[in-house]
Amino acid sequence: MARGLIIPFRIETMAFAANPLFSSISTLPLSVRTIPFLYHLPLRCSSSFTTQETIDMTKYHQAFSRRMTLAGLKPHHRIAMGVSGGPDSMALCVLSAHWKTNGLNTSRDSDGFIDGLLAIIIDHSLRAESKEEANIVSSRVSTMGIRCEIVHCEWSDGRPKQGHLQEAARDMRYQHFQKVCIQNQISALLIAHHMDDQAELFVLRLSRHSSVLGLAGMPFISQIFSSYTHSSDAKDYGILLVRPLLDFSKEDMYKICQGGQQTWVEDPTNQSILYARNRIRMSLRDCSSYGFNSELQAVISACQQTRLYVDNVCSNLMNKAVTVTDFGYAVIDLEILNPSKIEDICLSKFIALILQFISQRNRPIRGSTSKLLLDYMRTFPCRTSLTAAGCYICPAPASRGTKALVCCSVDCPLPQTVKFLDAMSYTDHQHHTANDIEQIIADSKSHFNRLVPDASEVHFLDTTSESVLSKARRLEMLSESTYKNIMLLQREEVKHFRTKKKVIPESESKDKVKSISMYSEPLFHGKICSFMNRFFVAWKLEKEIPVSAISGEADSHDYMGGGTLCCHCNSCVFGNDMVPEVRHMCESDWLYLADLLKCPTSENSQLKDTSSTDSTSTCLNHARVSAQRALLILKSIPAAARRGLPVLVNDQGLLLSIPSIGFKYCPCLDVTAVFKPRVPLGGGHSLFI
């Protein structure tokens, strides 16, 4: 087929404020400037080819500045933007560049770029021409005075399957966004989602029977975290994801590009009905009118007000009634919580946040599981235990059911989430803009506190997703025609969803999960293990034994606080070339510690094949003292929570260390385990407005 007959993935569009169409197109590669298929562009763009509409940019700049202030962002902050080259992200570039330069009273740094503003362009590497297109977008954005960085994706497992392509591309995109932000010491990432995107998401989630909280759509601000950014000895602040264009429509995006004299590219695949969002977008366009759009946005806003209220209630409850320990479990004081006086929607969200924090699972808790947890929290005092959403919940010891213990369950199948980081480069990947983020969040929360509504102002606290539209109609948020149109959109998308929904065979799903009590992972020297996204585990081996470790139990106390190194340890259960493995603690580990106290010699069952040298005796003597202290600490930890602790074993499965409670067999072995969940309690800072 002739090249000129191939429908390009992206088609060049010019917003005519000053530049003529063909002079712009002639500079582009043939695959991008193929003209016969301009009919793929939205009709609203066609007017820009024939008229030169005067655009009042003042209102857009002022609205953008207000949103940035609400987010706690100021022009001196270092900011990144996700840029694809489409009208949305190009409009974001126009507004951000103006906001930055006006606020800083300076336009360029020493390299000629706007100071502290970076455009991140992701080449998903899914098409042959994507690299060329990324370079074109980079060149165009650079002429605006914005520094650019292009990231080329690598798909180690091959190209994602069609049904998972958009989701996989999104995950890859945000991974690279975070990585680039951290490398450039940037605190905030701007994304160009707008009002029309929010409407599409509302209909999509309505068709999936999402809760009222889900119908609130995308948050204006959210805090996103990655294991890449963590540090075992410093707080991880993640990256602030800000969507400053949620008050702007798609029509506004085109006008801003036109007013800023910027070109953009359209993606013809946005017309494909294979994707749910595209189908909904086209249907919404057919229904589009001022009345329909404003009424739909009013319902979304009411859902956001509900979400804002619920999030605030949950935050207050967690500050008052939840205690999180360094051993990785939480205790809920049910007397302080007083579940009987909390709305169902708030209590469900509260317990879901705690379980997601302890298990570090991103999947939402829905359906029967949510109902089960709600019933459990309503029962006071609690007398039973249950396993749900990767957690084990039971009455806290000695509380007589007035407190509930929440710990990670090691009996249910969970995705294997062991990650390894290089110890040398680990420090380089820490987030060095913690003070910026703290101040930005503080400024944002000062605005947030004034926005939280009273319960009387919240309309959907006792409303299910199925009845949101009905109640909105009764409250006269929706007219009859708008109500019918939205219901029609929902039914059509439900029909598509049920047709395409695929049930994963049981045999296939089993390959993707393991019982976390059944596997161990090798941990090489110089690596840091992010174990189940909850603990950072690392080890090193000193070349000599401390003098205090040789003289027995009394002097071992001195070693724990330091000491002089002297003789070498060449013979113990560790071994010179051994690579230890990390797994969860089990009952046999507790029994072994107890056996060490009873049999402090080589008669111990784990040491029958070990030669009894002086070094071995020293290790065994040290292990006995270490076990004695560890058992005292272990007794203070509830039995259910002990099983969530990481331990180090040798290649024969013999216990080397339980670092969380200070046990280690060999005095030369230095092991650390820090409870550092990837996502903090509550999910981090977020704001739905």
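You'll find the structure just up there.
Worth saying up front: this structure is predicted, and the values here are computed from it rather than measured.

Trainee: What is the right way to read the side chain of Arg 243 from this model?
Mentor: With respect to the element layout, Arg 243 can be found in the loop between strand 7 (239-242) and helix 9 (250-259). The buried charged residue Arg 243 lacks any salt bridge, with Asp 197 as its nearest oppositely charged partner at 8.0 Å. A distance of 2.9 Å separates polar atoms of two side chains, one belonging to Arg 243 and the other to His 193. Other than its neighbours up to four places away in sequence, Arg 243 contacts Arg 67, Tyr 174, Ile 191, His 193, Met 218, Pro 219, Phe 220 and Ser 222.

Trainee: Help me understand the sheet that holds strand 24 (residues 655-658), please; the structure alone is not making it clear to me.
Mentor: Within a sheet, adjacent strands bond to each other through the backbone by hydrogen bonds, running parallel or antiparallel. Pairing in this open sheet of five strands is antiparallel, and the strands run 17-22-23-24-25 from one edge to the other. Each edge of the open sheet carries a strand with a single partner, namely strand 17 (521-522) and strand 25 (663-664). Sheet topology places strand 17 next to strand 22 (residues 581-584); two bridges connect them, and they run antiparallel. Along strand 22, the bridge assignment pairs Pro 522 with Glu 581.

Trainee: Can you help me understand the nonpolar core in this one?
Mentor: Note on soluble globular proteins: their nonpolar side chains tend to be buried together. Grouped together as the largest cluster of nonpolar side chains are 168 residues, with contacts concentrated most on Phe 202, Ile 332, Phe 350, Leu 593 and Phe 663. In terms of residue count, helix 11 (residues 290-321) provides more of this core than any other element does, 14 residues in total. Counting 18 residues, the second largest nonpolar core, distinct from the first, contains Cys 153, Tyr 174, Ile 186 and Ile 224.

Trainee: Just checking my understanding: could you explain unusual backbone geometry for this structure?
Mentor: Here the bond from Phe 380 into Pro 381 is cis, since omega is -5°, no more than 30 degrees from zero. With respect to the helices, strands and loops of the structure, Pro 381 is situated in the loop between helix 14 (367-378) and strand 11 (386-388). A positive phi angle is found at Asn 338, which is not glycine, with a value near 50°. Along the polypeptide, Asn 338 turns up in the loop between helix 12 (334-337) and helix 13 (344-359). Among the residues examined, Asn 338 registers a relative accessible area of 28% and is labelled partly exposed. Positive phi values are uncommon outside glycine, yet Glu 476 reaches one of about 65°. Within the fold, Glu 476 resides in the loop between helix 17 (468-474) and helix 18 (480-500). Judged by its relative accessible area of 71%, Glu 476 falls in the exposed class.

Trainee: I keep staring at the pairing of strand 2 (residues 79-82) and nothing clicks. Help me out?
Mentor: Working note: regular strand, side chains alternate between the two faces of the sheet. Here strand 2 shows two buried faces, one formed by Ile 79 and Met 81 and the other by Ala 80 and Gly 82. Of the strand pairs in this sheet, strand 2 and strand 3 (residues 117-123) are connected by four bridges, and their pairing is parallel. Bridging from a neighbouring strand, Met 81 pairs with Ala 119 of strand 3. Direction of pairing for strand 2 relative to strand 5 (residues 188-190): parallel, over a ladder of three bridges. By the bridge assignment, Ala 80 is partnered in strand 5 with Leu 189.

Trainee: Can you walk me through the packing of helix 13 against helix 14 in this structure?
Mentor: For any two helices packed against each other, one specifies the inter-axial angle together with the distance between the axes. Helix 14 packs onto helix 13 with a crossing angle of 100° between their chain directions and a minimal axis gap of 10 Å. Comparing the axis directions of helix 13 and helix 14 gives the class roughly perpendicular. Residues Asp 344, Leu 347, Ser 348, Phe 350, Ile 351 and Leu 355 of helix 13 touch helix 14, and the partners they reach there are Ser 370, Leu 373, Leu 374, Met 377 and Arg 378. Considering only residue class, the contact of helix 13 with helix 14 consists of seven nonpolar, two polar and two charged.

Trainee: Honestly, the pattern of salt bridges in this entry has me stumped. Any pointers?
Mentor: For side chains of opposite charge, pairing can occur when their charged atoms come near one another. Inspection of every chain in the model, using the stated rule, returns 17 salt bridges. Where salt bridges share partners, they join Arg 127, Glu 129 and Glu 133 into one cluster.

Trainee: Any chance you could explain the side chain of Ser 465 here in plain terms?
Mentor: For Ser 465, the position within the fold is in the loop between helix 16 (434-451) and helix 17. Looking at Ser 465, its side chain comes within polar contact range of the side chain of Glu 466, at 3.3 Å. Dropping the residues within four chain positions of it, Ser 465 is found in contact with Leu 206, His 209, Ser 210, Ser 211, Val 212 and Leu 215.

Trainee: What am I meant to see in the sheet that holds strand 13 (residues 403-408) here?
Mentor: If you trace the five strands from one edge of the open sheet to the other, you get 9-10-13-12-11, paired in antiparallel fashion. Each having just a single partner strand, strand 9 (322-324) and strand 11 make up the two edges of the open sheet. Taking the axes of each pair of neighbouring strands and ignoring which way they run, one obtains an average angle of 20° across the sheet. Note that strand 11 and strand 12 (residues 391-395) share three bridges and pair antiparallel. Residue Thr 387 lies in a different strand from strand 12, and its bridge partner there is Tyr 392. Helix 11 rests against strand 9 and strand 10 (330-333) of the sheet, and its axis sits at about 65° to strand 9. Relative to strand 11, helix 14 is tilted by about 140°, and along the sheet it contacts strand 10, strand 11 and strand 12.

Trainee: Help me out: how do you make sense of helix 7 (residues 195-207) in this one?
Mentor: Side chains three or four residues apart in an α-helix point the same way, a direct result of the helix having 3.6 residues per turn. The end-to-end C-alpha separation of helix 7 is 19 Å, in line with the 18 Å expected for 13 residues at 1.5 Å each. Among all positions of helix 7, only Asp 197, Gln 198, Ala 199, Glu 200, Leu 201, Phe 202, Val 203, Leu 204, Leu 206 and Ser 207 are buried. Taken from the residues just after helix 7, His 209 is the one with a positive phi, measuring 60°.

Trainee: Would you take a moment to explain the environment of Ala 442 for this structure?
Mentor: Position of Ala 442 relative to the elements: it lies in helix 16. Here the alpha-carbon distance between Ala 442 and Ala 71, two residues 371 residues apart in the chain, equals 9.8 Å.

Trainee: How do you make sense of the environment of Met 81 when you look at a structure like this?
Mentor: With respect to the helices and strands, Met 81 occurs in strand 2. Between the C-alpha atoms of Met 81 and Leu 190, which are 109 residues apart in sequence, the distance is 4.6 Å. Residue contacts for Met 81: discarding those within four places in its chain leaves Leu 92, Cys 93, Ser 96, Leu 117, Leu 118, Ala 119, Ile 120, Ile 146, Leu 189 and Leu 190.

Trainee: How do you make sense of helix 21 (residues 587-598) when you look at a structure like this?
Mentor: The end-to-end C-alpha separation of helix 21 is 17 Å, in line with the 16 Å expected for 12 residues at 1.5 Å each. Those residues of helix 21 that sit buried are Asp 589, Tyr 592, Leu 593 and Leu 596. Taken down its axis, helix 21 places every buried residue within 100° of arc, on the same side. Of the residues in helix 21, the exposed ones pointing more than 90 degrees away from the buried face are Glu 587 and Lys 598.

Quick notes on the rules
Residues numbered from 1 in each chain as written. Predicted model: local features only at pLDDT ≥ 70, side-chain atom pairs only at ≥ 80, totals over all residues. Heavy atoms only, no water. Helix = DSSP H or I, 4+ residues; strand = E, 2+ residues; numbered from the N terminus. Buried < 20%, exposed > 50% of the residue type's maximum accessible area, 1.4 Å probe, protein only. Lys, Arg positive; Asp, Glu negative; His and termini not counted. Salt bridge = Lys/Arg side-chain N within 4 Å of Asp/Glu carboxyl O. Polar contact = N/O pair within 3.5 Å; in protein donor to acceptor, adjacent residues only side chain to side chain. Contact = heavy atoms within 4.5 Å. Pairing = 2+ DSSP bridges. Core = buried A, V, L, I, M, F, W, Y, C linked by side-chain atoms within 4.5 Å. Axes fitted to C-alpha atoms, helices over the stretch in contact; angles between N-to-C directions. Parallel < 35°, antiparallel > 145°, perpendicular 65-115°, else oblique. Nonpolar A, V, L, I, M, F, W, Y, C, P; charged D, E, K, R; others polar. Expected span 1.5 Å × (residues − 1). Arc of directions from axis to C-beta.

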